[in-house]
Amino acid sequence: MSFSKKFLWGTAFAANQIEGAYNKDNKGLSVQDVLPKGALGHIDLDLKEFNIKRKAIDFYHKYQEDLDLLSEMGIKVLRISIAWSRIFPKGDETKPNQKGLEFYLKLFKELKRRKIKIIVTLCHYEMPLHLALKYNGFSNKKVVKYFLNYAEVVLKNFNKYIDYLVAFNEINSLLHIPFCNGGIYKNQDDLNTLYQATHNMLYASAKVKEIIKNNYNHIQVGSMVLAMPFYTKSAKVEDQILKMKKEWQNIYFTDVLARGVYPKYLDNYFLKNNIKINKTKEELEVIKNNTVDYIGFSYYMSRMIDSEANNDSKENLLGGVEDPYLEKNPWGWNIDPDGLRIALNQYYERYQKPCFIVENGLGAIDKVKIENNKKVIHDDYRISYHKKHINAVYQAIEDGVEVIGYTSWAGIDLVSNTKAQMSKRYGFIYVDLDDQGNGSLERIKKDSFEFFKEVCQSNGENCI
Ligand code: BGP
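The text that follows walks through the structure, step by step, so that each part is easy to find. (Residues numbered from 1 in each chain as written. Predicted model: local features only at pLDDT ≥ 70, side-chain atom pairs only at ≥ 80, totals over all residues. Heavy atoms only, no water.)

### A closer look at the overall build of the protein chain
Counting secondary structure elements, the protein chain contains 14 helices and 16 strands. For the protein chain, the C-alpha radius of gyration of 21 Å lies close to 23 Å, the compact-globule estimate for 464 residues. Considered along the principal axes of its C-alpha atoms, the protein chain spans approximately 65 × 55 × 45 Å. By the burial criterion, 62% of the 464 residues in the protein chain qualify as buried. Of all intrachain contacts in the protein chain linking residues separated by at least 6 positions in sequence, the fraction that spans at least 24 positions is 76%. Put simply, the protein chain shows about 18,100 Å² of open surface, and 49% of that area lies on carbon and sulfur atoms. Positive and negative side-chain charges of the protein chain, numbering 65 and 58 respectively, have mean locations separated by a distance of 5 Å. (Helix = DSSP H or I, 4+ residues; strand = E, 2+ residues; numbered from the N terminus. Rg over C-alpha atoms; globule rule 2.2 N^0.38 Å. Buried < 20%, exposed > 50% of the residue type's maximum accessible area, 1.4 Å probe, protein only. Contact = heavy atoms within 4.5 Å. Areas by Shrake-Rupley, 256 points an atom, 1.4 Å probe, with all protein chains shown as cover. Lys, Arg positive; Asp, Glu negative; His and termini not counted. Charge placed at Lys NZ, Arg CZ, Asp CG, Glu CD.)

Below, the structure written as structure tokens:
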């Protein structure tokens, strides 16, 4: 058995983590511009603190050079996101910013010319700041209207370039990073506000699918959730019950998107906790009739849970306790390739829809060395991470799971989301930039560049 000839190998990134040029060509501020320490940090509305995302790796000006390198690697697909605040600087305007559209048109044309397929994320953790401050983000249905207007503009202008689409990045992380994900500025601990926002986003996602189905049905629409299988610390029944409940909190997003109905366990959770959500009949109809074509998800790690401990650690977004059986990266994220096989099997068994791994990678500290007058980065740890995870995908395919593709996070070093650090590096291509914003922005191929090139060329054979 081998990977199907149609399997899509590629890489992924998000506008706010690479583009920089945060106020160029009429771009408005996004929630990212006021998160100087990343998604888990505080909000700095005065923009007084240094925020590396405003500069990032300057993809806005260097995209040609970067696409040359990615083409050399032989990727078949690239997942990009569009910065909403480049198209609608404040978010509630009626007419789009032409300069923003021009930038993405250039980018799409370049990708087409290079025969690279495109996955678009409409909102990857970067709502226009104005929508967060004035309307409290997605907790307000007006923001759904503005988002759908933005989605229609993107689709009208770029539909012929887009192959796959997801509306929101890691929609399920809203409960954990509400400001970064959904622009929830006020009442971040209020369950009504949070669950109303998740409903509004689930509806908006289904509505985008409806627009696509009716007008641009060559585009496949997927979910995009943060997958994180849970293991229990012990075989005790209390741990198993906790696992079930924790999974509900995560899986209900794909349950709604893939099955088109709210699961009973969630309705009951709302009743029990006196959570009252405004869901209209029309919205529920749209959700019912516009389920996703594939299950897109990111996978970084699994988590261990323990009914006798506090499982609320925020560092990895979904919480949990220390897992003594797994290696970790320097940020404490578990390294668990088998967890990816488990996640793939769980999604496929539950929905029988093809899966697409749209993010998977290792954050690590890389060192540049000089050898024979050449700068080199020996990142064997990253090669090993991807090799094992791709092998796990292969095993899942052997188990019977249908998988569309694998886009690594990320082809090029970029600013980390949770910590806003450059030193947490993910790329196969190094970028000379440190956490304080110093550096020439030079791009240097790491050892993993050749490895992933071989993955693309051999159709994954070097990992099985
Ligand atoms: C996912 C996000 C990405 C990315 C990745 C790694 O949750 O979709 O935007 O950043 O995690 O996380 P971090 O950058 O915090 O290491």
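Now that the structure has been shown, the text picks up again.
### Notes on the state of the cysteines
Counted according to the given criterion, the structure contains zero disulfides. Cysteine Cys463 is unpaired, with the sulfur of Cys456 as its nearest cysteine sulfur at 10 Å. (Disulfide = S-S within 2.5 Å.)

### Things to note about the packing of aromatic side chains
Two measures describe an aromatic ring pair: the distance that separates the ring centres and the angle between the ring planes. In the structure shown here, the tally under the stated rule is 35 aromatic pairs. Measuring from centroid to centroid gives 5.2 Å for Phe138 and Phe168, while their planes differ by 85°, and the two rings are edge-to-face. Placement of Phe138 in the loop between helix H5 (129-135) and helix H6 (141-158) and of Phe168 in strand S4 (residues 164-168) is noted, with a sequence separation of 30 residues between them. We classify Phe138 as buried; its relative accessible area is 0%. Classification of Phe168 by relative accessible area gives buried; the value is 3%. Summarising the aromatic geometry, the rings of Tyr294 and Phe356 are spaced 5.8 Å apart at their centres and angled 55° between planes, so their arrangement reads as tilted. In this pair, Tyr294 sits in strand S7 (residues 294-299) while Phe356 sits in strand S11 (residues 355-359), placing the two residues 62 residues apart along the sequence. Just as Tyr294 is buried, Phe356 falls in that class too. Within the aromatic cluster, the residues linked to one another by ring pairs are Phe13, Phe59, Tyr60, Tyr63, Phe103 and Tyr104. Stacked on the ring of Phe103, the Lys or Arg Arg86 has its end atom at 5.8 Å from the ring centre. (Phe/Tyr/Trp six-rings, centres within 6.5 Å; stacked < 30°, edge-to-face > 60°. Lys NZ or Arg CZ within 6 Å of the ring centre and 35° of its normal.)

### Quick word on the nonpolar core
If you look at the biggest cluster of nonpolar residues, it comprises 152 residues, and the most contacted ones within it are Phe147 and Phe297. Listed in part, the 10 residues of the second largest apolar core include Leu8, Ile119, Met224 and Val358. (Core = buried A, V, L, I, M, F, W, Y, C linked by side-chain atoms within 4.5 Å.)

### Notes on a nonpolar patch on the surface
On the surface, a nonpolar cluster with roughly 220 Å² of combined accessible area is contributed by Leu45, Leu133 and Tyr185. As for its position among the elements, Leu133 is in helix H5. (Patch = residues over 30% accessible without salt bridge, like charges linked within 9 Å, V, L, I, M, F, W, Y side chains within 5 Å. Salt bridge = Lys/Arg side-chain N within 4 Å of Asp/Glu carboxyl O.)

### Here we look at a negative patch on the surface
Taken together, the side chains of Glu371, Asp380, Asp447, Glu450 and Glu454 make up a negatively charged region of the molecular surface. Top element by residues in the negative patch is helix H14 (residues 447-458). It accounts for three residues. Positionally, Glu450 belongs in helix H14.

### Structural notes on the layout of surface pockets
Approximately 950 Å³ is the volume found for the largest pocket. Together, 35 residues line the largest pocket, and Leu175, His176, Tyr195, Gln249 and Tyr269 are the ones closest to its centre. Broken down by secondary-structure element, the contributors of at least two residues to the lining of the largest pocket are helix H7 (178-182), helix H8 (191-215), helix H9 (237-259) and helix H10 (264-272). In terms of residue count, H9 provides more of the lining of the largest pocket than any other element does, six residues in total. (1 Å grid on protein atoms, 1.4 Å probe; cavity = no way out; pocket = protein on both sides within 12 Å on 5 of 7 lines; lining within 4 Å. Points joined across faces, edges and corners; volume = space filled by probe spheres on them.)

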